[in-house]
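# Structural overview for review
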Amino acid sequence: MTLAPRCCERARRSAPAAIRARRLAVVLAAIPAEAAAEPAASVSIASEDRFRGEGTSDGRPVATINVGYDDARGPYLGTSVAAGATRRDGVQLLRAVHFAGYAHRVSPTLTIDAGASYHRYTRHATFEYASRFTQVYVGAGTQRVWTRLFYSPNYNGAEGSATYAEVDALLWSRSNWSLTGHVGALASIERGRSAGVEIDWRLGLARRLGRLSVSATWIGRRSLDHGGERTGALVLAAARSF
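First, a word on scope: everything that follows refers to the structure included in this document.

What counts, and at which threshold
Residues numbered from 1 in each chain as written. Predicted model: local features only at pLDDT ≥ 70, side-chain atom pairs only at ≥ 80, totals over all residues. Heavy atoms only, no water. Pairing = 2+ DSSP bridges. Helix = DSSP H or I, 4+ residues; strand = E, 2+ residues; numbered from the N terminus. Axes fitted to C-alpha atoms, helices over the stretch in contact; angles between N-to-C directions. Patch = residues over 30% accessible without salt bridge, like charges linked within 9 Å, V, L, I, M, F, W, Y side chains within 5 Å. Areas by Shrake-Rupley, 256 points an atom, 1.4 Å probe, with all protein chains shown as cover. Salt bridge = Lys/Arg side-chain N within 4 Å of Asp/Glu carboxyl O. Phe/Tyr/Trp six-rings, centres within 6.5 Å; stacked < 30°, edge-to-face > 60°. Buried < 20%, exposed > 50% of the residue type's maximum accessible area, 1.4 Å probe, protein only.

## Description of the sheet that holds strand E7 (residues 111-121)
Here twelve strands make up a closed barrel; going around it, the order is E1-E4-E5-E6-E7-E8-E9-E10-E11-E12-E13-E14 and the pairing antiparallel. Taking each pair of neighbouring strands and ignoring which way they run, the sheet shows an average axis angle of 20°. Summarising the sheet, strand E11 (residues 177-190) and strand E12 (residues 193-209) pair through 13 bridges and their orientation is antiparallel. Note on E12: the bridge partner recorded for Gly181 is Leu203.

## What to know about a nonpolar patch on the surface
A cluster of nonpolar side chains, namely Leu171, Trp172, Trp177, Leu203 and Leu205, defines an oily patch on the protein surface of about 460 Å² accessible area. Elements represented by at least two residues in the nonpolar patch include exactly strand E10 (160-174) and E12. Position of Trp177 among the secondary structure elements: in strand E11.

## Remarks on unusual backbone geometry
With a phi angle near 60°, Asp58 is a residue other than glycine that sits in the positive phi range. Tracing the backbone shows Asp58 in the loop between strand E3 (54-55) and strand E4 (62-70). We note that Ser175 has phi near 55°; this positive angle belongs to a residue other than glycine. Within the secondary structure, Ser175 is located in the loop between E10 and E11.

## Some thoughts on the packing of aromatic side chains
The full count for this structure, using the stated rule, is six aromatic pairs. Each ring, one from Phe51 and one from Tyr121, has its centre 6.4 Å from the other, and the planes form 55°; the classification is tilted. In this pair, Phe51 is assigned in strand E2 (residues 50-51) and Tyr121 in strand E7, connecting sequence segments 70 residues apart. According to the relative accessible area criterion, Phe51 is buried, its value standing at 16%. By relative accessible area, Tyr121 is classed as buried at 6%. A ring pair is formed by Phe150 and Tyr164, whose centres lie 6.0 Å apart and whose planes are at 55°; its orientation type is tilted. A residue pair is termed long-range when its members are at least 10 positions apart, and Phe150 in strand E9 (residues 145-152) and Tyr164 in strand E10 qualify at 14 residues. Accessibility assignment for this pair places Phe150 and Tyr164 in one class, buried. Of the aromatic side chains, those joined through ring pairs into one cluster are Phe51, Tyr121, Phe133 and Tyr155.

## Notes on the pattern of salt bridges
Tallying each qualifying case throughout the model produces eight salt bridges. In this structure, Asp49 and Arg95 form a salt bridge, with 3.0 Å as the shortest nitrogen-oxygen distance. Residue Asp49 is located in the loop between strand E1 (39-46) and E2, and its partner Arg95 is located in strand E6 (residues 91-105); the two are separated by 46 residues in the primary sequence. Both residues of the pair, Asp49 and Arg95, count as buried. Between Arg202 and Asp168 there is a salt bridge; the shortest N-O distance is 3.0 Å. Pair noted here: Arg202 is in strand E12 and Asp168 is in strand E10, with a separation of 34 residues, a long-range link.

Here is the structure:
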């Protein structure tokens, strides 16, 4: 899912809090979360689930539960679980993502962080890469822009690895409205040979209504190999934070 982070509404009041909110959101593909030294949770519904531009729910709606902890002193962790309606087996679990990391504020506006995440996709998810993979990452961000570099030793299963670089940005915000953007590049290796490079992007408009957030996000993906295959979809979502 692709909901805008809550940092835009807090930016005017607390830059450090906004940065913490953004770093937690970026790990879970911009899932909204409270930036406080206490547990936070959200429940969301989206028209479909996508990861790095690739559909993982067969174009069907998904419901996601997110639970996280973001401590102002640096450590953070969280879990995201998604379920969706399948064609033959009813509602089933599609994926689970677990992550943990540590962030350090270098200045009032700049934060660096590092961490790891574990992704598990069930047989009901439509995902062309490994059903289970681990990533480590490093990143740096400000109140409006965040960039990260990921490495996975088993992105293509036991015989393949991948490197992924991304930039997320809060492009515009006014009152309870926000416009966010994302671009990423994936380079993978399979059986010792390059499996190509893929580019993905997102452009999302979100509106906050108290603890409820609704959004419309255009998500695209293009392979720089295989004839430049391109896919894209408009994803509609709503989330309630707690």
